[in-house]
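What follows is each chain in one-letter form.
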Amino acid sequence: MISVFVPSHITGFFSIFDNENPLLKGSLGAGVLLDKGVITEIDKNADESFSILINGKKDEYNEVIILKTIEFMENELNKDEIQFNLDGILINQTIQVPIGCGFGSSAASAIGTAICINEYFNLGLTIEECGKYAHLAEVSLGTGLGDVIAELSKGIVLRTKVGAPGFGEVKSIVPQEKTGFGVFEPLKSDFYVITKTLGEISTASIIEDPKHKKLITQVGLEIGEEFNQKDDGIVIGSKFKNKFNVAVDNEFNEEETIKKFMNASLSFAKRTHLINDELLKIIHQLHGKVLGSSMAMLGNTVFALANENQKLKLEAEYYNEFDFYKLETGGIRINADN
């Protein structure tokens, strides 16, 4: 059996870029990865049929992204005379986050499917190539634009070039510790993602609507430009020269960077008019108790980032009212059980 964990991803702000080539279609923006997502398992089935289970049952609606990913893999790999047979195979997915609520679960489902098939049948694809098929499935179904490439990353993710994995580019902001001159090593996160979901929003109804697309892209580009400015003393993975005129990585203040990301996200939600009064009420409720909060793009969900002390206080004050996750800095994990 092969098991693959793919973290979920909440987008804070984004801009949409169309292209006739789906591999070059996508979005710019920024988001955050969670330590819960989608676990995909592939193994022999009890009979000779091919079966898909989602959260322990047949789910024809949510299995569409799995089938579309398989379709793209079969069509493309057949051109290179690479084949796999799913007869007698079971794909079993556990989705650990709300579906259709801005957590990027469809992207995580597609990525997990592609990686599981690759590993199980020894197809020799890279993670990036598996991500390419997941991106094609997402774009074709209108379920997402930038979640796939983000979910192949870690921490807080900036999407800096549009496109599928291998075409687009991202930059991670991961908690770091200086271990030597100019050397940084990723650490486990001390920050938490706190969410409250009120319901679903159809991603396709937003990203495929011309009026929404125009406003989102205009505001998203402005927010992105403001976010990447370095003149406010908050460093987003930049470089500086020390007194010896040698360029080294500048240590960034993690909490200030998170605050900047959350402020940018809330500004985007308000300026695009995507946020509703119910979500704003929750955001006002969290004001001063977290590092920042906003609306998950695209879902009827509030998300916030907090340090450990803030998280503990919120758990005590709002018992069972919010969901708590850790900021994911480990990325995709693959386990093989022979």
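Residues numbered from 1 in each chain as written. Predicted model: local features only at pLDDT ≥ 70, side-chain atom pairs only at ≥ 80, totals over all residues. Heavy atoms only, no water.

A. Representation of the overall build of the protein in the model. Counting secondary structure elements, the protein contains 9 helices and 15 strands. Here the protein holds 338 residues, and the buried ones make up 51% of them. Sequence separation of 24 or more characterises 73% of the internal contacts of the protein that already satisfy a separation of 6 or more. In the form shown here, the protein has an accessible surface area of approximately 15800 Å², with 47% of it arising from carbon and sulfur atoms. (Helix = DSSP H or I, 4+ residues; strand = E, 2+ residues; numbered from the N terminus. Buried < 20%, exposed > 50% of the residue type's maximum accessible area, 1.4 Å probe, protein only. Contact = heavy atoms within 4.5 Å. Areas by Shrake-Rupley, 256 points an atom, 1.4 Å probe, with all protein chains shown as cover.)

B. Region of the structure containing helix α9 (residues 308–317). Within α9 the residues assigned to the buried category are Q310, K311 and L314. The buried residues of α9 occupy an angular sector of 100 degrees when projected down its axis, which confines them to one face. Residues of α9 that are exposed and angled more than 90 degrees away from the buried face: N309, K313 and A316. Taken together, the buried residues of α9 touch β9 (191–199), α8 (277–286), β13 (300–307) and β14 (323–326). Two to three positions downstream of the cap, the backbone nitrogen of N309 sits 3.3 Å from a side-chain oxygen, assigning the N-cap of α9 to N307. (Arc of directions from axis to C-beta. Polar contact = N/O pair within 3.5 Å; in protein donor to acceptor, adjacent residues only side chain to side chain.)

C. Here's a closer look at the nonpolar core. Of all hydrophobic cores here, the largest spans 90 residues; its most connected members are V32, M73, F261 and F268. With 8 residues, helix α2 (residues 105–120) is the largest single contributor of residues to this core. Those residues within four positions of M73 in sequence are excluded, and the remaining contacts are N78, F84, A114, I117, L123, L125 and Y133. (Core = buried A, V, L, I, M, F, W, Y, C linked by side-chain atoms within 4.5 Å.)

D. Expanded view of the packing of aromatic side chains. In the structure shown here, the tally under the stated rule is 9 aromatic pairs. Judged by centre distance (5.6 Å) and plane angle (65 degrees), the ring pair of F13 and F227 falls under edge-to-face. A residue pair is termed long-range when its members are at least 10 positions apart, and F13 in strand β1 (residues 2–17) and F227 in helix α6 (residues 210–227) qualify at 214 residues. As far as the burial class goes, F13 and F227 line up, both buried. An aromatic cluster is present here, built from F13, F227, F261 and F303 joined pairwise through their rings. (Phe/Tyr/Trp six-rings, centres within 6.5 Å; stacked < 30°, edge-to-face > 60°.)

E. Looking closely at the packing of α2 against helix α3 (residues 127–141). Across the interface, α2 lies against α3 with an axial gap of 8 Å and an inter-helix angle of 135 degrees. Here α2 lies oblique to α3, going by the angle between them. Here the hand of the crossing between α2 and α3 comes out right-handed. Here S106, A107, A110, I111, A114, I115 and N118 of α2 come into contact with α3, specifically with I127, C130, A134 and E138. Split into classes, the residues belonging to the contact of α2 with α3 amount to 8 nonpolar, 2 polar and 1 charged. (Axes fitted to C-alpha atoms, helices over the stretch in contact; angles between N-to-C directions. Parallel < 35°, antiparallel > 145°, perpendicular 65-115°, else oblique. Left-handed = near helix turned anticlockwise from the far one by under 90°. Nonpolar A, V, L, I, M, F, W, Y, C, P; charged D, E, K, R; others polar.)

F. Structural view of unusual backbone geometry. With an omega dihedral of 5 degrees, the bond running from M297 to L298 counts as a cis peptide bond. Relative to the assigned elements, L298 resides in the loop between β12 (292–295) and β13. Look at N55: it is not a glycine, yet its phi comes out positive at around 50 degrees. Structurally, N55 can be placed in the loop between β3 (51–54) and α1 (64–79).

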